[in-house]
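Chain residues, written in single-letter form:
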Amino acid sequence: MRFTGRTDSSVENKELPHVPLKTDGKPGAYRWIRQVSVALWLWELLSLFFSMVCMGAIIVILAHYDNQPIPSWKYGLTINGAISILAVLAKSSLVLPVAEALSQLKWCWFWDRQRPVMDFHRYDSASRGPWGSLTMLFSARLWSVGALGAALTVAAIAVEPCLQQIPAYPSRAVRSGDASIGRSINYTNLEAVSGMSGFELGRSVKGAMYTSIFGDEETTHYEPTCPTGNCTWPAYSSLGVCSACLDLGPLVIPNTYEGPGLWTINSTDPEMKFEWLSESNEEYNLYMQARYENTIRLRGATNHTIVDIQSSYWPAGSRSTNPPSATSECILYFCVKTFTAATVHGEYAETVTATWPGANQTLTGEPDLDSDADFYNADGSDATAAELARKSNYTLEPPGSREQYSVDRVTFELLRQWAAVIFSGSVNSATWNGVNDGGLYGVSDVPQAFFDAQNELLGPNITIAGYSVPSDGGPGKLMAQIATGLTTHMRQTADLDWAVKGDALSVESFVQARWHWAVFPLTLSLLTALFMTATFATCAKAGVPIWKSSCLATLLHGLDERSCQDVTAEKLSDMEGNATAWTMQAQRGESRWMLEGRLHC
């Protein structure tokens, strides 16, 4: 062959390979399975079933771990991760059968009547995703069985978020150990006197008393043993100290028998007489008289008081010839307190829910503590430690309680005598704490604390004679603080065997199933199954071939050639504009079905 310099590339000069137009023989196994699966909607039904299985797996997992601690699985997989994976699979599997059913319904839409050509485009777009489905729903003319499929496609967007919203992981307090809180059953506080055979009141209780008087609420605060910072205890009772204050203002009268500047309590009992004596020009601020017997308005507590304090208050600058602006009686006494307590986030809080006995309650059968005879034998000799131990202690047994609380008799007596000394005294111009006219003057510290409490309540400039202090103000608040401080001291120094055991709690995350979030996905699965059934019935009734989303069906059975020539355009927008003027319907030709177009305007 001679080369001429030209190349002939025409099709006529090429020899095409031999391609048979028809395959001989029986169809293969794959083709047979393909035909069966298409005809029976097998893959769509399996996809719907798989979606339901994934949702069921989520429900089973959460039902198993509901109200349980978050599990720790192998390979770093978490329960949240597993549910997220299952939710994605459930959503994806739910969308497939809806899309295929919509594709099949577009053929049904044109099977029995003329429809706009653009409806084919809308159905096809709806089968491809939420945006096309949403566009289809805005066309009221297309509301049919296919509209349900479009609504399901749009709603499927929320399937995955709803499934992931089912589990919540709240934090809860769980028991992780023991907590301990002290309480007192029996109280003793004695120390041996150096170089002598006797006893004296322990220094720890004296320190607790002074700390309570000159400190604040923080200094009297009790701290339990709570290793985790979150602890609870059952209600418990402890021996402690209570307080009470009453107003004596209405009982104050001038003592005309003793001269000016003397005031007394109007009482028929001569032992109840309480008087303040001062020079007529003296500037009194506070006068206190303490004892542990012969109370005035709290007569029932006479035998079990630690101390009874009667005080009178004059504001600064007031003369003692005027009646006091405030007069009160306050007592401290041993009692049994019932507590509820808890520590939350490191903050301990307790509440006294009950006390016994009452401030003015007379107890029967209690030992007589009104004299010093307990420190001596019948012959007048000093009692030894063994002899003192044999003498009865002061006991408290609340009604309905199985426990008996007691105070050592010698401790009680020494505490009474010491308290009567420190709570007696006065604060006035003669005992001012500082330098005045070249002289140095001392002050009684405990009365000064009571004066400050009164002054804080009433103010330094109040000079109204006869003003009555509220029972819960001034000294009442200070006495309550002292009672709390002494109770705390008794609990802190108590035997550890008496401690109340509680639960130390730690914060742990739990699984909580919020089942209401599962309603929407499950309902959507049920509606999808109904939509599939409706699609089967509609297409079977109309005798529509099962073409679904096959592009081959669109190519081979699409719009007839004449209509295509009139509708087609180079630009997509022009093509859509031309299509709006055409309708089409499936028609049976000589050898196949075709979508036959018709210009309707």
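What counts and how
- Residues numbered from 1 in each chain as written.
- Predicted model: local features only at pLDDT ≥ 70, side-chain atom pairs only at ≥ 80, totals over all residues.
- Heavy atoms only, no water.
- Helix = DSSP H or I, 4+ residues; strand = E, 2+ residues; numbered from the N terminus.
- Areas by Shrake-Rupley, 256 points an atom, 1.4 Å probe, with all protein chains shown as cover.
- Pairing = 2+ DSSP bridges.
- Disulfide = S-S within 2.5 Å.
- Buried < 20%, exposed > 50% of the residue type's maximum accessible area, 1.4 Å probe, protein only.
- Core = buried A, V, L, I, M, F, W, Y, C linked by side-chain atoms within 4.5 Å.
- Contact = heavy atoms within 4.5 Å.
- Polar contact = N/O pair within 3.5 Å; in protein donor to acceptor, adjacent residues only side chain to side chain.
- Expected span 1.5 Å × (residues − 1).
- Arc of directions from axis to C-beta.
- Salt bridge = Lys/Arg side-chain N within 4 Å of Asp/Glu carboxyl O.
- Axes fitted to C-alpha atoms, helices over the stretch in contact; angles between N-to-C directions.
- Parallel < 35°, antiparallel > 145°, perpendicular 65-115°, else oblique.
- Left-handed = near helix turned anticlockwise from the far one by under 90°.
- Nonpolar A, V, L, I, M, F, W, Y, C, P; charged D, E, K, R; others polar.

By the naming in an unreviewed UniProt entry, the chain goes by Carboxylic ester hydrolase and is assigned to Oleoguttula mirabilis.

Colleague: What should I look at first to understand the overall build of the chain in this one?
Modeller: Across its full length, the chain carries 16 helices and 23 strands. In the form shown here, the chain has an accessible surface area of approximately 32200 Å², with 56% of it arising from carbon and sulfur atoms.

Colleague: Teacher, can you tell me more about the sheet that holds strand β16 (residues 405–407) here?
Modeller: What links the strands of a sheet is backbone hydrogen bonding, and the strands pair in either a parallel or an antiparallel sense. Taken together, three strands build an open sheet; the order of strands is β4-β16-β15 and the sheet is mixed. On the outer flanks of this sheet lie β4 (186–187) and β15 (394–396), each paired with one strand and no other. As defined by bridge partners, β15 adjoins β16 across three bridges and the pair is classed as antiparallel. Directly across from Leu396, in β16, lies its bridge partner Tyr405.

Colleague: Any chance you could explain the state of the cysteines here in plain terms?
Modeller: Disulfides are covalent bonds that link the sulfur atoms of two cysteine residues. Enumeration according to the criterion identifies three disulfides in this entry. Each sulfur of the disulfide joining Cys226 and Cys231 lies 2.0 Å from the other. With the S-S dihedral at roughly 95°, the linkage between Cys226 and Cys231 falls on the right-handed side. For Cys231, a relative accessible area of 1% corresponds to the buried category. Bridging Cys242 to Cys335, the disulfide has an S-S length of 2.0 Å. Negative torsions about the S-S bond denote left-handed disulfides, and the value of about 80° found for Cys242 with Cys335 makes this one right-handed.

Colleague: Help me understand the nonpolar core in this model?
Modeller: Most often, soluble globular proteins keep nonpolar side chains buried together rather than apart. Counting residues in hydrophobic clusters, the biggest one holds 48 residues, and the most contacted among them are Met209, Leu332, Phe334, Phe423, Phe450 and Ile482. Looking at this core, the element that brings in the most residues is helix α10 (residues 409–422), giving seven residues. In contact with Phe334, other than residues within four places in its own chain, are Tyr187, Gly240, Val241, His304, Ile306, Pro357, Tyr394, Leu396, Val407, Phe412, Leu415 and Met490. In this structure, Tyr65, Val98, Ala156 and Leu524 belong to the second largest nonpolar core, which totals 43 residues.

Colleague: Sorry, what's going on with the environment of Ser127 here?
Modeller: Residue position: Ser127 is located in the loop between α4 (117–126) and α5 (130–137). The class for Ser127 is buried, based on a relative accessible area of 13%. Once residues within four sequence positions are removed from consideration, Ser127 is found in contact with Ala99, Leu102 and Ser103. Within the structure, Ser127 has its side chain in polar contact with the backbone oxygen of Asp124 (distance 2.6 Å).

Colleague: What am I meant to see in helix α8 (residues 203–214) here?
Modeller: Along an α-helix, a turn takes 3.6 residues, which lines up residues three or four apart on a common side. The first and last C-alpha atoms of α8 sit 16 Å apart over twelve residues, in line with the 16 Å expected at 1.5 Å per residue. Listing the buried residues of α8 in full gives Val205, Ala208, Met209, Ser212 and Ile213. The arc enclosing the buried residues of α8, seen along the axis, measures out at 130°, which places them on a common side.

Colleague: Help me understand the pattern of salt bridges in this model?
Modeller: Where side chains of opposite charge bring their charged atoms close, a pairing between them can arise. Applying the stated criterion across every chain yields a total of six salt bridges. Residue Glu403 pairs with Arg183 through a salt bridge whose shortest N-O separation is 2.7 Å. With Glu403 in the loop between β15 and β16 and Arg183 in the loop between β3 (171–181) and β4, this pair connects stretches of sequence that are 220 residues apart. With relative accessibility at 28%, the residue Glu403 sits in the partly exposed group.

Colleague: Even after reading the chapter, I still don't get the side chain of Ser103, so can you show me in this structure?
Modeller: Summarising the element assignment, Ser103 is placed in helix α3 (residues 79–109). With a relative accessible area of 2%, Ser103 lands in the buried category. Polar contacts involving the side chain of Ser103 include one to the side chain of Ser127, which spans 3.4 Å.

Colleague: Just checking my understanding: could you explain the pairing of strand β12 (residues 305–313) for this structure?
Modeller: Side-chain positions along a regular strand alternate between the two faces of the sheet. Within β12, nine of the nine residues are buried, which leaves it mostly tucked inside the rest of the structure. Of the pairings in the sheet, the one linking β12 to strand β13 (residues 326–344) comprises eight bridges and is antiparallel in character. Across the sheet, the residue bridging to Ser311 is Ser328, located in β13.

Colleague: What is the right way to read the environment of Thr528 from this model?
Modeller: One can find Thr528 in helix α13 (residues 519–542). Sequence spacing of Thr528 and Leu152 is 376 residues, and the spatial spacing of their C-alpha atoms is 7.1 Å. Setting aside residues no more than four positions away along its own chain, Thr528 makes contact with Leu48, Leu94, Pro97, Val98 and Leu152.

Colleague: Explain the packing of α3 against helix α6 (residues 145–155) here, please?
Modeller: Between two packed helices, what matters for the description is the angle formed by their axes and the separation of those axes. Put simply, α3 and α6 touch, their axes get as near as 10 Å, and they point 150° apart. With respect to their mutual orientation, α3 and α6 come out roughly antiparallel. In the packing of α3 onto α6, the handedness of the crossing is left-handed. Contacts between α3 and α6 pair Val98, Leu102 and Leu105 from the former with Val145, Gly146, Gly149, Ala150, Leu152 and Thr153 from the latter. Its residues placed into classes, the contact of α3 with α6 shows six nonpolar, three polar and no charged.

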